[in-house]
Amino acid sequence: MEFQTTLTTTPVAEQQLAEILAAPGFGTHFTDHMVTVEWTPERGWYDARVTPYGPLTLDPATAVLHYAQETFEGMKAYRHEDDSIWLFRPEENAARMVRSSHRLALPVLEVPDFLAAVEALVAVDHRWVPDGAGEKSLYLRPFMFASEKFLGVRPSQHVTFMVIASPAGSYFAGGLKPVTLWLTTEYTRAGRGGMGAAKTGGNYASSLVAQQEATSHGCDQVVFLDAAEGRYVEELGGMNMYFVHADGSIVTPATGTILEGITRSAIIELAGKLGHEVTERRIDVDEWRDGVTSGEITEVFACGTAAVVTPVGSLKWDGGATPEVAEAGPVTTRIRQALVDIQYGRAEDTFGWMHRVV
Ligand SMILES: *Cc1c(COP(=O)(O)O)cnc(C)c1O
């Protein structure tokens, strides 16, 4: 895939960029450019281009606005000490978008084309990648949506793939703070045969009311249980879960209806290398409640690209809560550190996870 590049004539000024990169926050500032590629059944993917960042003009009947046929990805570009810029396992994001798009009846964007699109944007907007100090990064958001103008339930015959980028600060500016989780028994996020394993906006839309419930109970995030029995731990709205046991073994919910996190799979390998036995299986929520109370489960953490690894302080539900944990545990801290050290080039990449762009 060849990209036609049209550079902006009004790039953000160096002084203003420096101010943005000093405290980027998350998801509010966007870089100077964006990538767009279009698709129809007749032409396949065409008109791959890098253009100045800007709003889209959409017909009110654009299919995605009505039927939510959409998939997306989330990944980061990291600046290393020597100013080189790297992606973390980008081919995994590309492969996952193929799987998600299959579930949403969207066309396949081949892995090399996905990588070329992401690399084209990082290369043109490389000055937007913050320095690695304080775990800053450039968050990349590839997404694909039904862009045909029609009302009617069938796969869109015009699809648009785009990549945008947004500088991101550390989630934990004030140190690793454990989060409090709300166990929802009212809502589920995925059933057998549903969209739980696809990265699609609809899953997030359905999680919002549960997240509101969590917030109204003073919790940071919501935990979902399986839809069939309401017993087995699935994941948070956008992060996978891990449980550390007293003997050092680690357990994470098996895949199927959960989203297969790339951070999750990296931690399976990394924790193994750090000497932990890692098992993927079903975890009954009572095993969690009883385990943290008895001391059988010593640490609980969540993981995902945005926050990397987040310690869990306590689980609350209608009528009870597990004991509060004030600080991140040693295993959580060690795994998190080992992962970010690889991402920022401070530790040897023995797994071959890093992919240089600039
Ligand atoms: C993206 C996502 C995750 C985390 O996946 P990573 O690849 O580790 O960022 C977990 N759960 C859901 C529902 C997600 O959408």
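Residues numbered from 1 in each chain as written. Predicted model: local features only at pLDDT ≥ 70, side-chain atom pairs only at ≥ 80, totals over all residues. Heavy atoms only, no water.

Student: So what's going on with the domain arrangement of the chain? Residues and values would help.
Tutor: When its domains are assigned, the chain resolves into domain 1 (4–168) and domain 2 (179–343). The straight-line distance from the C-alpha centre of domain 1 to that of domain 2 is 27 Å. At the junction of the two partners, domain 1 supplies 22 residues and domain 2 supplies 22 residues. Summing both partners gives a buried area of about 1800 Å² for domain 1 against domain 2, and 54% of it is carried by carbon and sulfur. Considering only the side of domain 1, the residues that lose the most area to domain 2 are Phe72, Phe88 and Arg96, jointly responsible for 31% of the buried surface there. Between the two partners, domain 1 and domain 2, sit three salt bridges. With a closest N to O distance of 3.8 Å, Glu260 and Arg99 form a salt bridge. Of all the elements in the fold, those that place two or more residues in the side of domain 1 that touches domain 2 are β4 (70–72), β5 (75–79) and α3 (90–103). Among the elements that take part in the side of domain 1 that touches domain 2, α3 stands out by supplying six residues, more than any other. (Domains from an automatic or database assignment. Contact = heavy atoms within 4.5 Å. Buried area = accessible area lost by both parts, 1.4 Å probe. Salt bridge = Lys/Arg side-chain N within 4 Å of Asp/Glu carboxyl O. Helix = DSSP H or I, 4+ residues; strand = E, 2+ residues; numbered from the N terminus.)

Student: How would you summarise helix α1 (residues 14–22) if you had to cite specific residues and measurements?
Tutor: Every buried residue of α1 is listed here: Leu17, Ile20 and Leu21. Down the axis of α1, the buried side of the element spans an arc of 95°, and every buried residue falls inside it. Projecting away from the buried face of α1 at angles above 90 degrees are the exposed residues Gln15, Glu19 and Ala22. Elements that come into contact with the buried residues of α1 comprise β8 (159–168). (Buried < 20%, exposed > 50% of the residue type's maximum accessible area, 1.4 Å probe, protein only. Arc of directions from axis to C-beta.)

Student: Describe in detail the packing of α3 against helix α4 (residues 111–124), supporting the description with residues and values.
Tutor: The interhelical angle for the contact between α3 and α4, taken along N-to-C directions, is 125°, at an axis separation of 9 Å. On the basis of the axis angle, α3 is oblique to α4. Between α3 and α4 the crossing geometry is right-handed. Every residue of α4 that contacts α3 at Pro90, Glu91, Asn93, Ala94, Ala95 and Met97 is listed here: Val111, Phe114 and Leu115. Grouping the amino acids of the contact of α3 with α4 by side-chain chemistry returns seven nonpolar, one polar and one charged. (Axes fitted to C-alpha atoms, helices over the stretch in contact; angles between N-to-C directions. Parallel < 35°, antiparallel > 145°, perpendicular 65-115°, else oblique. Left-handed = near helix turned anticlockwise from the far one by under 90°. Nonpolar A, V, L, I, M, F, W, Y, C, P; charged D, E, K, R; others polar.)

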